[in-house]
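Here is how the chains run, residue by residue.
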Amino acid sequence: LQAKPLAGHTVLMTAGPTYEPIDPVRGITNISSGKMGYALARALALAGAKVQLISGPVALPVPYGVERIDVQTAREMHQAVMQRVGQARIFIGVAAVADFRPLDVAADKIKKTGDGLTLNLTRNPDILAEVASLPAAPFCVGFAAESQNLDTYASGKLQAKRLQLVVGNLVQDGMGGDTNQVVLFDAAGSHPLPRASKTEVATGIVAHLAKMLEV
Ligand code: C5P
């Protein structure tokens, strides 16, 4: 077994949620602790890769040997990725990117007048799909957190977003906790990994990735 199977590889990745402001004190976000992404960043660095981690707001320390770039919104994450993707051999989208953002961000705190509040939302860019469709696209890995029909949705994502690998998990299996159970989907089929700590799952993903890059 090679000790540093990803030596010389540059990995660009995203992790954590994005935060889309409504006004100076409120926003919308997705639920994501960032733990899986950070565990993966660390495992990649241990495997010898040069890792740049574009991170949404999380309460986690920077993994040893990883360069972290902090962002808040999906558009900031998108910009940070696009600036750096030209140098990356591998792109891994782990972030739970908010699919929608408020169309207008109020400059001042919105006051409670009337009974309700209607927010107009607009689509955020799909960072992973855009990276995967670049003419010189890196090797692209996506994550699929689903609440049901994991096989169908995850393998659908592999094709729809033109990815080389999708890491699927049922949200009830991994969210917020320290263990996870995932299934890897690639052109050859599906490969379930045993339930394990996020650190061990990350090592399993890196081993699979290294094998795919070898051929
Ligand atoms: O289509 P769906 O959002 O479920 O796909 C999830 C995958 O796509 C994840 O890898 C996620 O990081 C990435 N993604 C992205 N930008 C978005 C939405 C999802 O990079 N706006």
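What you are looking at is a predicted structure, and each value in this text was computed from that prediction instead of being measured.

Our focus in this paragraph is the overall build of the chain. Within the chain, the regular secondary structure consists of 6 helices and 14 strands. Relative to the 2.2 N^0.38 estimate, which gives 17 Å for 215 residues, the radius of gyration of the chain is 18 Å and therefore close to what a compact globule would have. Overall, the chain is about 65 × 35 × 35 Å in size when its C-alpha atoms are taken along their principal axes. Burial status across the chain gives 44% buried among its 215 residues. Across the chain, every contact between residues at least 6 apart in sequence was considered, and the portion connecting residues at least 24 apart equals 61%. Element-wise, carbon and sulfur atoms account for 53% of the exposed surface of the chain, whose accessible area totals about 11,200 Å². Between the mean site of the 20 positive side-chain charges and the mean site of the 18 negative ones, the chain shows a separation of 3 Å.

Next up on the list: the UniProt feature "binding site: CTP" (unreviewed entry) in the chain. The sites that carry the UniProt feature "binding site: CTP" (unreviewed entry) are, in the present numbering, D99, K109, P125, D126, I127, L128, F143, K157 and K161. Considering the C-alpha atoms alone, the annotated residues occupy 63 residues of sequence and remain spread out, their largest mutual distance being 38.5 Å. Within the fold, D126 resides in the loop between β8 (121–123) and α3 (127–132). A polar contact of 3.4 Å, which involves the side chain of D126, links it to the backbone nitrogen of L128. Here F143 is in contact with M36, L40, I92, G93, V94, K157, V167 and I205, once residues within four sequence places are set aside.

Within the largest apolar cluster, 36 residues are counted, with the highest numbers of intra-cluster contacts made by M13, L40, L44, I92 and I205. Counting residues per element, the ones that place at least two in this core are β1 (10–15), α1 (35–46), β4 (50–55), β6 (90–93), β9 (139–146), β10 (165–170) and α6 (198–214). Take this core: its biggest share by element is 8 residues, from α1. Discounting chain neighbours no more than four positions away, the residues touching L40 are M13, I92, V94, F143, A202, I205 and V206. One finds I54, V71, V131 and C140 within the second-largest nonpolar core, a separate group that totals 26 residues.

Moving on, we get to the site of the ligand. What surrounds the ligand is a group of 13 residues, the closest being G93, A95, P125, F143 and K157. Here a nitrogen atom of the ligand and a backbone polar atom of P125 are 2.8 Å apart. Residue I127 places a main-chain N or O atom 3.0 Å away from a nitrogen atom belonging to the ligand. Protein coverage of the free-state accessible area of the ligand, which is 450 Å², stands at 83%. Mapped by element, the contributors of at least two residues to the shell around the ligand are α3 and β9. Class assignment for the residues of the shell around the ligand results in 7 nonpolar, 2 polar and 4 charged.

Conventions adopted
- Residues numbered from 1 in each chain as written.
- Predicted model: local features only at pLDDT ≥ 70, side-chain atom pairs only at ≥ 80, totals over all residues.
- Heavy atoms only, no water.
- Helix = DSSP H or I, 4+ residues; strand = E, 2+ residues; numbered from the N terminus.
- Rg over C-alpha atoms; globule rule 2.2 N^0.38 Å.
- Buried < 20%, exposed > 50% of the residue type's maximum accessible area, 1.4 Å probe, protein only.
- Contact = heavy atoms within 4.5 Å.
- Areas by Shrake-Rupley, 256 points an atom, 1.4 Å probe, with all protein chains shown as cover.
- Lys, Arg positive; Asp, Glu negative; His and termini not counted.
- Charge placed at Lys NZ, Arg CZ, Asp CG, Glu CD.
- UniProt positions renumbered as here; feature names shortened; annotations may be inferred.
- Polar contact = N/O pair within 3.5 Å; in protein donor to acceptor, adjacent residues only side chain to side chain.
- Core = buried A, V, L, I, M, F, W, Y, C linked by side-chain atoms within 4.5 Å.
- Near = heavy atom within 4 Å.
- Nonpolar A, V, L, I, M, F, W, Y, C, P; charged D, E, K, R; others polar.

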